[in-house]
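# Descriptive structure summary
Residues per chain are reported as follows:
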Amino acid sequence: MAEDCITLAHGAGGRAMAELIDCLFLSAFGDTAIADKEDQARITLEEFTPNGDRLAFTTDSFVVTPLFFPGGDIGKLAVCGTVNDLAVGGAIPKVLSAAFILEEGLPISVLQRIVYSMGDTAKEAGVTIQTGDTKVVGRGMADGVYINTSGIGVIPSHLNLGLCHAKPGDRILVSGSIGDHGAAVMLAREELGMVGDMHSDCAPLNGLIQSLLGNHQGIKAMRDATRGGLGCVLHDIAKASHTHLLVEEDRLPIRAPTHGICELMGLEPWFMANEGMVVLVVAEHAAEAVLQSLKQHPYGTSAAVIGTVTNASPGVTLHTSYGGKRLLDWPYGLQLPRIC
Amino acid sequence: MREFRDAARVQALIQKIAPLADELAAAFGRPIQIMEVCGGHTHAIFRYGFAQLLPHSIEFIHGPGCPVCVLPVKVIDEAIAISAKADTILTTFGDPMRVPGTSQSLLQAKAHGADIRVVYSPLDALTIATKNPHKQVVFLAIGFDTTMPSTALTLTTAKAQGINNFSVLCHHIRLMPTLEALLAGGDIQLDGFIGPGHVSMVIGTDAYQPVAKVHHKPLVVAGFEPVDFLLALYQLLIQLKEGRCETENAYARVVNHRGNLTALAAMDSVFDYGEDCQWRGLGWVENSGVRIKPDFSAFDASKHFSPSAEPGIQQEPCYCQQVLKGQRKPNQCPLFAKHCKPEHPLGALMVSSEGACAAYYQYLPDKETGIHG
């Protein structure tokens, strides 16, 4: 490409933008309707109808500092986030869009790494990026790059998952350790003066989820834990199903570095972000079998049954390691580190 | 660390504590009242579920040891006024960000455009200053004796390196004068104290002698792990049973009797003590304030910026002071969980996550009635 960094020309609709699309996006995203240069991707209904009777449609925007962190980057995050939002509804993700807000001065090499990471992740997830958009804002008006992705998936006709289906007696499972993404990003920011071997769990979960749904009855609901962590998902389940969730602290899979950061900063691990962990509500009789299947998948090796749905008033209680109980309150906003 | 979290040891200690507490309460004709001075211990009581595991014969009175809770409105107003100045970066810990000032919190001022940054250490603030030589960087220093050494070290470093765009807005508070003022007030009924672990690491257990010798209350310094806390509680009950009144250390792996001499020397070289200060909920506390020495006045933001002397309006509900002094439980306040919540705090005890009200709100299953605490 002619330039080594993004300029306002790359968002102006002229030759610079065309070059960016041809040399970068088309190359990274592979066989895609973007190549047709129409204002919209055209997708035949036959691509959807054999897999189910309903479409799932979702959108998500991604901002993260730093853009690259152990275990992922903003591009991988942008694909996984939307793929996972589709997959937890039982949908088979099919196509994505990708829209970029780029800051003037962003090195092309940085954008390249991000876009190729998106292409690779889409390939792993079995989805294609069919349409997109690029805007450039002046230096200082954005933090490098922001990405929005939207996605369409197909829901098989026999599936009807929903948080409202949780009933007393059901079990709560997690597919992996909690707070890994939040801990990895905090360490990557290098503000804590700490080093640790911590990788984000950022991953497309549709393969794992489809294999579970194909092999097990009794999965009632799923939600991927993202910025609010496990804690916010548990509250979502309790509210939607008018049930109470009793969680066993001892059973929560938490990696040592995550624990360490939380202890030091006065944060709660269950409100730390994940980007590749699904919370499942499973009928009691199926819970053990689902757990074993999860553990056999590369993205589910740390899976655990962490609690039970009860008929107490809606809310979430943590059964502590010492036999006490405490409310796992739903935070109003950001967790702030506690130092003094 | 695992041994201090061992569930079997926790259970064993509770088995020892429960009959002892019941016996003492029966002898006293009322529940034993113990003040945990530190907000970290208040948090631990709820976090580990001790509120339910310990018998009703022990009543915890949540002490004043949360430096964020006692931060006056005026301090927040001053910090916001400084952050509004051109080419100025205000830095502080995450703790005070949500504390409501007269019209805004630091978090709200940041959202309105002020350059306010959360740091994990004052040395990080100094780094921001060296990276932004054309801006003034101010660190809002808060906290009890625990965080004072790091502020002192930062000021010493700034002076040694000749950094001329860094200053500290000093609102540290000393624990012992605060504790003594509370005891001298005479309006609280207490049988003993669980002493703060982190402060004691700096000041040493000898510093608490007046509590035992002058005010005749036993005090046991505790760490923050479940076994640490229960061990201190057990030692305190033993003292009560034996009619002793001493300062004991149940956190000897971290705390000694003299304190951290290097840290104390660093503090003494930078800070002057002896100033009477007004704190939220506590009012004027003799001797509690901390000032930057004249030698370091170039780094004293209160001199550099001359923040408005106009005091902020103290909008605190009257119940806060009663809760802070242990005269009223958070859930006995008529505003608790109804008008005063973490997202709309009326008093600072609801703002800081280590404040007694926030702990009750966050952890108690039934916010209306609560469990004993």
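Because the structure is predicted, anything quoted here is derived from the model rather than measured.

Sheet topology places strand E10 (residues 271-279) of chain B next to strand E11 (residues 283-292) of chain B; seven bridges connect them, and they run antiparallel. From the neighbouring strand, Asp272 of chain B faces E11 of chain B, where its bridge partner is Arg291 of chain B.

Sheets are built from strands that pair by backbone hydrogen bonding, the pairs being arranged parallel or antiparallel. All names here are of chain B. The strand order across the open sheet built from four strands is E4-E3-E5-E6, with neighbouring strands paired in parallel fashion. Here the strands that pair on one side only, and so sit at the sheet edges, are strand E4 (116-118) and strand E6 (166-172). Each strand axis lies, on average, 25° off the axis of its neighbour in the sheet, ignoring direction. Note: strand E5 (residues 136-143) against E6, seven bridges, orientation parallel. In the strand pairing of E6, Ala141 is matched with Cys170. Contacts from helix H6 (residues 122-131) reach strand E3 (88-92), E4, E5 and E6 within the one sheet, and its direction differs from that of E5 by about 175°.

Moving on to the sheet that holds strand E9 (residues 247-249) of chain B. Residues and elements named next belong to chain B. Within the open sheet, the five strands sit side by side as E2-E1-E7-E8-E9. Their pairing is parallel. In this open sheet, the two edge strands, each paired with only one partner strand, are strand E2 (58-65) and E9. On average, adjacent strands in this sheet sit at an angle of 25° to one another, irrespective of strand direction. Where strand E1 (residues 32-38) lies against E2, six bridges are found, and the strand directions are parallel.

The next subject is the pattern of salt bridges. A full pass over the atoms with the stated rule returns 25 salt bridges over all chains. It is possible to trace a salt-bridge network through shared partners that takes in Glu242, Arg244, Glu246 and Glu248 of chain B.

Between Thr65 of chain A and Pro66 of chain A the backbone carries a cis peptide bond, its omega angle lying at 0°. If you trace the backbone, Pro66 of chain A turns up in the loop between strand E1 (54-62) and strand E2 (68-69). You will see that Asp87 of chain B, though not glycine, has its phi angle at about 55°, which is positive. Relative to the helices and strands, Asp87 of chain B resides in the loop between helix H4 (73-83) and E3. Even without being a glycine, Ala337 of chain B presents a positive backbone phi close to 65°. Tracing the backbone through its elements, the reader meets Ala337 of chain B in the loop between helix H14 (319-324) and helix H15 (348-351).

Our next topic: the interface of chain A and chain B. Each partner contributes to the interface: chain A provides 23 residues, whereas chain B provides 36 residues. A buried area of about 2700 Å², summed over both sides, lies between chain A and chain B, and 54% of it is on carbon and sulfur atoms. Where chain A touches chain B, the interface holds two salt bridges. Linking Arg47 of chain B and Glu268 of chain A is a salt bridge whose minimum nitrogen-to-oxygen distance equals 3.1 Å.

Residues and elements named next belong to chain B. Tracing the backbone shows Lys241 in helix H11 (residues 226-242). Residues Lys241 and Leu24 lie 217 residues apart in sequence; the distance between their C-alpha atoms is 6.8 Å. In contact with Lys241, not counting residues within four places along its chain, are Leu20, Glu23 and Leu24.

Residues and elements named next belong to chain A. Looking at chain A, the domain boundaries give domain 1 (8-155) and domain 2 (163-327). The gap between the C-alpha centroids of domain 1 and domain 2 is 27 Å. Opposite the 22 residues of domain 1 that make contact, domain 2 presents 23 residues. Summed over both partners, the interface of domain 1 with domain 2 comes to about 1700 Å²; 62% of that surface belongs to carbon and sulfur atoms. On the domain 1 side of the contact with domain 2, Pro70, Asn84 and Val88 bury the most area, a combined 31% of that side's loss. Summed over the shared surface of domain 1 and domain 2, the number is zero salt bridges. Summed over the shared surface of domain 1 and domain 2, the number is seven residue pairs in polar contact (both at pLDDT 80 or more). Of all the elements in the fold, those that place two or more residues in the side of domain 1 that touches domain 2 are helix H2 (74-87), strand E4 (92-103) and helix H3 (108-125). A total of eight residues in the side of domain 1 that touches domain 2 trace back to one element, the largest contributor, which is H2. For the side of domain 1 that touches domain 2, the residue count by class is 13 nonpolar, six polar and three charged.

What counts and what doesn't
- Residues numbered from 1 in each chain as written.
- Chains lettered and ligands numbered in written order.
- Predicted model: local features only at pLDDT ≥ 70, side-chain atom pairs only at ≥ 80, totals over all residues.
- Heavy atoms only, no water.
- Pairing = 2+ DSSP bridges.
- Helix = DSSP H or I, 4+ residues; strand = E, 2+ residues; numbered from the N terminus.
- Axes fitted to C-alpha atoms, helices over the stretch in contact; angles between N-to-C directions.
- Contact = heavy atoms within 4.5 Å.
- Salt bridge = Lys/Arg side-chain N within 4 Å of Asp/Glu carboxyl O.
- Buried area = accessible area lost by both parts, 1.4 Å probe.
- Domains from an automatic or database assignment.
- Polar contact = N/O pair within 3.5 Å; in protein donor to acceptor, adjacent residues only side chain to side chain.
- Nonpolar A, V, L, I, M, F, W, Y, C, P; charged D, E, K, R; others polar.

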